[in-house]
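Each chain, written out:
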Amino acid sequence: MKIIKQNNELSSSPSAFSFRSVLSWRFFIRFALFSLFWGLLTRWQQNSLGLGIVFITMASVLSLYLAPQQQKRHQWLKKPFSILSFLYYFYVQSLRGGWSIAKLALSPKLKLSPGFIKYHTDLANDSQVFTFMQVLSLLPGTVSARQNAQELTIHVLDMNTFNQAEIDDCQIRIKQLLGTSVQPLIDGEK
């Protein structure tokens, strides 16, 4: 009796992989996306369709099997305004950073004063710190160079025009987007 109960618990757990999950809408979404990627890779050639269906099906099933099943949605998925606001910020900072570097590259005289600063962050977990470091690279004249716990070393292209308020604003936006309940991307316990 105990073995049957354990098997029932295993099959009803959200992380159990079953044949029913292959026929779910998640499978069809994955199949459609992988089909789109396959079509783009093969330039929509008809003669690659037979082999493509085999690999697309295998990739879809494997992605269902390997993807962790979540019992509840991430908090940031419930805040579409925060996502749109961050995407706008991301876009503007990308343009500003690109424009700044283009001006520096095309100017005949470079009057730069490069250096490193130490920045202590109070972000809650590795996921937030990782995202913060990546977005920092978009800010004009900054690149995150190293992380040591909660302290970041940031390379600044010109110390004379450096503005720490931009880095503080970026950190606040990451906190608003990801919140404090996000699971870390990097798991050191494995």
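One can find the structure itself at the top, above this paragraph.
Conventions used here
- Residues numbered from 1 in each chain as written.
- Predicted model: local features only at pLDDT ≥ 70, side-chain atom pairs only at ≥ 80, totals over all residues.
- Heavy atoms only, no water.
- Helix = DSSP H or I, 4+ residues; strand = E, 2+ residues; numbered from the N terminus.
- Buried < 20%, exposed > 50% of the residue type's maximum accessible area, 1.4 Å probe, protein only.
- Contact = heavy atoms within 4.5 Å.
- Polar contact = N/O pair within 3.5 Å; in protein donor to acceptor, adjacent residues only side chain to side chain.
- Pairing = 2+ DSSP bridges.
- Axes fitted to C-alpha atoms, helices over the stretch in contact; angles between N-to-C directions.
- Core = buried A, V, L, I, M, F, W, Y, C linked by side-chain atoms within 4.5 Å.
- Patch = residues over 30% accessible without salt bridge, like charges linked within 9 Å, V, L, I, M, F, W, Y side chains within 5 Å.
- Areas by Shrake-Rupley, 256 points an atom, 1.4 Å probe, with all protein chains shown as cover.
- Salt bridge = Lys/Arg side-chain N within 4 Å of Asp/Glu carboxyl O.
- Expected span 1.5 Å × (residues − 1).
- Arc of directions from axis to C-beta.
- Parallel < 35°, antiparallel > 145°, perpendicular 65-115°, else oblique.
- Left-handed = near helix turned anticlockwise from the far one by under 90°.

Caption draft 1: Seen up close, the environment of Arg-30. Mapped onto the secondary structure, Arg-30 falls in helix 3 (residues 25-42). Arg-30 gets classed as partly exposed once you look at its relative accessible area, which sits at 23%. On a C-alpha basis, the gap between Arg-30 and Ser-60 in space is 5.5 Å, while along the polypeptide they are 30 residues apart. Not counting residues up to four positions away in its chain, the partners in contact with Arg-30 are Ser-60, Ser-63, Leu-64 and Ala-67.

Caption draft 2: Focus on the side chain of Thr-153. For Thr-153, the location among the structural elements is in strand 3 (residues 151-156). Residue Thr-153 is classed as buried on the basis of its relative accessible area, which comes to 6%. Among the polar contacts made by the side chain of Thr-153, one reaches the side chain of Lys-118 at a distance of 3.3 Å. Those residues within four positions of Thr-153 in sequence are excluded, and the remaining contacts are Phe-116, Ile-117, Lys-118, Val-143, Ser-144, Ala-145 and Arg-146.

Caption draft 3: Fine view of the sheet that holds strand 3. The antiparallel open sheet is built from three strands, whose spatial order is 1-3-2. Edge positions in the open sheet fall to strand 1 (115-120) and strand 2 (142-148), since each of these has one partner strand only. Neighbour-to-neighbour, the strand axes of the sheet open up by a mean angle of 30°, direction not taken into account. Relative to strand 3, strand 1 is paired through six bridges, and the arrangement is antiparallel. Within the sheet, the bridge partner assigned to Tyr-119 lies in strand 3 and is Leu-152.

Caption draft 4: Structural view of the nonpolar core. Of all hydrophobic cores here, the largest spans 19 residues; its most connected members are Phe-132, Leu-136, Leu-152, Ile-154, Ile-167, Cys-170 and Ile-174. What Cys-170 contacts, discounting residues up to four positions off in sequence, is Tyr-89, Phe-132, Val-135, Leu-136 and Leu-139.

Caption draft 5: Here's a closer look at the pairing of strand 2. Pairing of strand 2 with strand 3, which is carried by six bridges, proceeds in the antiparallel orientation. Counterpart to Asn-148 in the pairing with strand 3 is Glu-151. The turn linking strand 2 back onto strand 3 is made up of two residues, and Ala-149 within it adopts a positive phi angle of 60°.

Caption draft 6: Region of interest: helix 6 (residues 126-136). Those residues of helix 6 that sit buried are Ser-127, Gln-128, Val-129, Phe-132, Met-133, Val-135 and Leu-136. Of the residues flanking the start of helix 6, the one acting as N-cap is Asn-125, its side-chain oxygen 3.0 Å from the backbone nitrogen of Gln-128.

Caption draft 7: Summary view of a nonpolar patch on the surface. A cluster of nonpolar side chains, contributed by Trp-25, Ile-29, Leu-33, Leu-36, Phe-37, Leu-40 and Trp-44, occupies part of the molecular surface with about 780 Å² of accessible area. Mapped onto the fold, Leu-40 is located in helix 3.

Caption draft 8: Local environment of helix 3. The end-to-end C-alpha distance of helix 3 is 25 Å, a good match for the 26 Å that 18 residues give at a rise of 1.5 Å each. Among the residues of helix 3, those classed as buried are Phe-27, Gly-39 and Thr-42. The buried residues of helix 3 all sit within an arc of 105° when viewed along its axis, so they share a single face. Summarising the geometry of helix 3, the exposed residues directed more than 90 degrees from the buried face are Trp-25, Leu-40 and Leu-41.

Caption draft 9: A look at the packing of helix 6 against helix 7 (residues 164-178). Contact pair helix 6 / helix 7: the axes reach a minimum separation of 10 Å and the direction vectors enclose 135°. As summarised for this structure, helix 6 and helix 7 are arranged oblique, according to the angle between their axes. When you trace helix 6 past helix 7, the crossing you get is right-handed. Across the interface between the two elements, Ser-127, Gln-128, Thr-131, Phe-132, Val-135 and Leu-136 from helix 6 touch Ile-167, Cys-170, Gln-171, Ile-174 and Leu-178 from helix 7.

As far as function goes, none of this settles anything; it's purely spatial.
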